Every structure is written in structure tokens, then in C-alpha cells.
Amino acid sequence: MTIDWSWTGDHTDDLTSLTVSHLQAALTAVFFGLLISLPLAVVAHRIRPLRGFLLGFSNVLFTIPSIAIFVLLLPISGLTRTTTVIGLTVYTLVVLLRNTVEGLDSVPAKTKEAAKAMGTRPLRTLLTVEFPLALPVIMAGVRIATVMSISLVSVATYIGDGGLGQLFTDGFQRNFPTPVIVGVVLTILLAVVADALLAALQYALTPWKRRRV
């Protein structure tokens, strides 16, 4: 199985457009996943009776097959990018919600007590103490969710979206392996680069975690 390099050169603009579209869908889903999971995680962390329900519900959503969830959304949002983003967002919740809860749980009780003793209000303690200390665990979830979303965008090809997944469909339909290989390589590169950038961001945001020389 070889690559037709002339095809690749002739379709540079298309490949760039599909790559950007693919990345936009994945990152948008992670963004909305964070907007939803962060407040839910705080609720799950503070109100223990709701913890099992919220985590369990996110696990149930994760068990829905990816194609099925896109199909279920079609009557609501149609053959649009919105359908893709909603479907991907649902899948990010199980990782982002659980990691955020675990991150908040990992904050030492003595640290929170010290903040309270200094007169720091609960909201400020959450934003300036708990979330920063929970950041390494939260960022680990963001990295996993991002890589997962990048891999799942291609499934949206079945509803007319899918970014680089369109190359898979094109290659299979024409029995032409080059688009398939290029699509796989670009998807892997996107995932690797995105993960590396997020790892660098985590490193920059958590200076206390660095090893002292």
C-alpha cells in the first residue's frame, strides 16, 4: 500500500481545510465539555448524594455508540456542525467530570481549612486554591478528552461532517488508499501535537509541580 504523492500535492488546500475543520470540531467539544463539567464537578464534590448520580449518568452517556448518538441528534439539530459538537461534547463529559471531581478531592483538607481561617470566602477559595491545586488532574482529563475527540470527529462523516473522516469515506468508496492513509496520519499528528501543547500548557500553569534543581 503506497501513497500517491501527486494526489497529496494536488489537494493541499483541501487537506488544510479538512484539518482545520477537524480540529475546530474537537476543540469546541472539549470547550463546551469543560463549561458543563466544571460546575457539575463542584456540585458532585460538595453534595455527596449527587456524586454517584452525576458520575453514573456521564458513564451511561459514554456507553451510547457514537454513530447512534449522532443519529439521535439529527431530528434536533440536523446535518450540521452543531450535531457533531453536541455528540462529541457528550463523550468528553465522562472524562472531564470524573477528573475534575478527583482533582477537587485531592486538595488537602488542611489547605482549605487554612484558607477558611484566613477569612477567604468559599467561592474565592474554590477559584484561587482548590482549582489551581486540582489543575494537574483536571488537565490530564482535558488531554484525554482532546485526543478522544480528535479520534471521534471522523465518525461524524456519516452525517456529512467529520473533518478528516471525509478522506476515509472518499478512499474506501474509490478503493483508493491514499486519502485513507493521509487522513489517518493527519489525525494522529493532530492528536500528538494537541496533547504536546496541552502538556506544555499544564507545565506552565503548575510551576509548583516542577522538579527543583
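Predicted model, so just to flag it, every value in this text is computed and none were measured. (Residues numbered from 1 in each chain as written. Predicted model: local features only at pLDDT ≥ 70, side-chain atom pairs only at ≥ 80, totals over all residues. Heavy atoms only, no water.)

### With respect to the overall build of the chain
Line of reasoning, step 1. In terms of helices and strands, the chain carries nine helices and zero strands.
Line of reasoning, step 2. Along the longest, intermediate and shortest principal axes, the C-alpha atoms of the chain span 70 × 50 × 25 Å.
Line of reasoning, step 3. Per-residue burial over the chain gives 45% buried out of 213 residues.
Line of reasoning, step 4. In the chain, of all internal contacts separated by at least 6 residues, the share reaching a separation of at least 24 is 77%.
Line of reasoning, step 5. Accessible surface for the chain amounts to roughly 11,900 Å². Of this, 68% is attributable to carbon and sulfur atoms. (Helix = DSSP H or I, 4+ residues; strand = E, 2+ residues; numbered from the N terminus. Buried < 20%, exposed > 50% of the residue type's maximum accessible area, 1.4 Å probe, protein only. Contact = heavy atoms within 4.5 Å. Areas by Shrake-Rupley, 256 points an atom, 1.4 Å probe, with all protein chains shown as cover.)

### Let's talk about unusual backbone geometry
Line of reasoning, step 1. Although it is not a glycine, Asn175 sits at a positive phi angle of roughly 55°.
Line of reasoning, step 2. Assignment of secondary structure puts Asn175 in the loop between helix H8 (165–174) and helix H9 (177–205).

### A few points about the side chain of Thr146
Line of reasoning, step 1. Here Thr146 is to be found in helix H7 (residues 122–152).
Line of reasoning, step 2. Thr146 sits in the buried class, given a relative accessible area of 3%.

### Observations concerning the UniProt feature "transmembrane region" (unreviewed entry) in the chain
Line of reasoning, step 1. Mapped onto this structure's residue numbering, the UniProt feature "transmembrane region" (unreviewed entry) falls at residues 20–41, 53–73, 79–97, 133–160 and 180–205.
Line of reasoning, step 2. Strand forms 0% of residues 20–41 and helix 100%; the C-alpha atoms that close the span are 31 Å apart.
Line of reasoning, step 3. In this annotation, residues 79–97 is assigned 89% helix and 0% strand; the end-to-end C-alpha distance for the span is 28 Å. (UniProt positions renumbered as here; feature names shortened; annotations may be inferred.)

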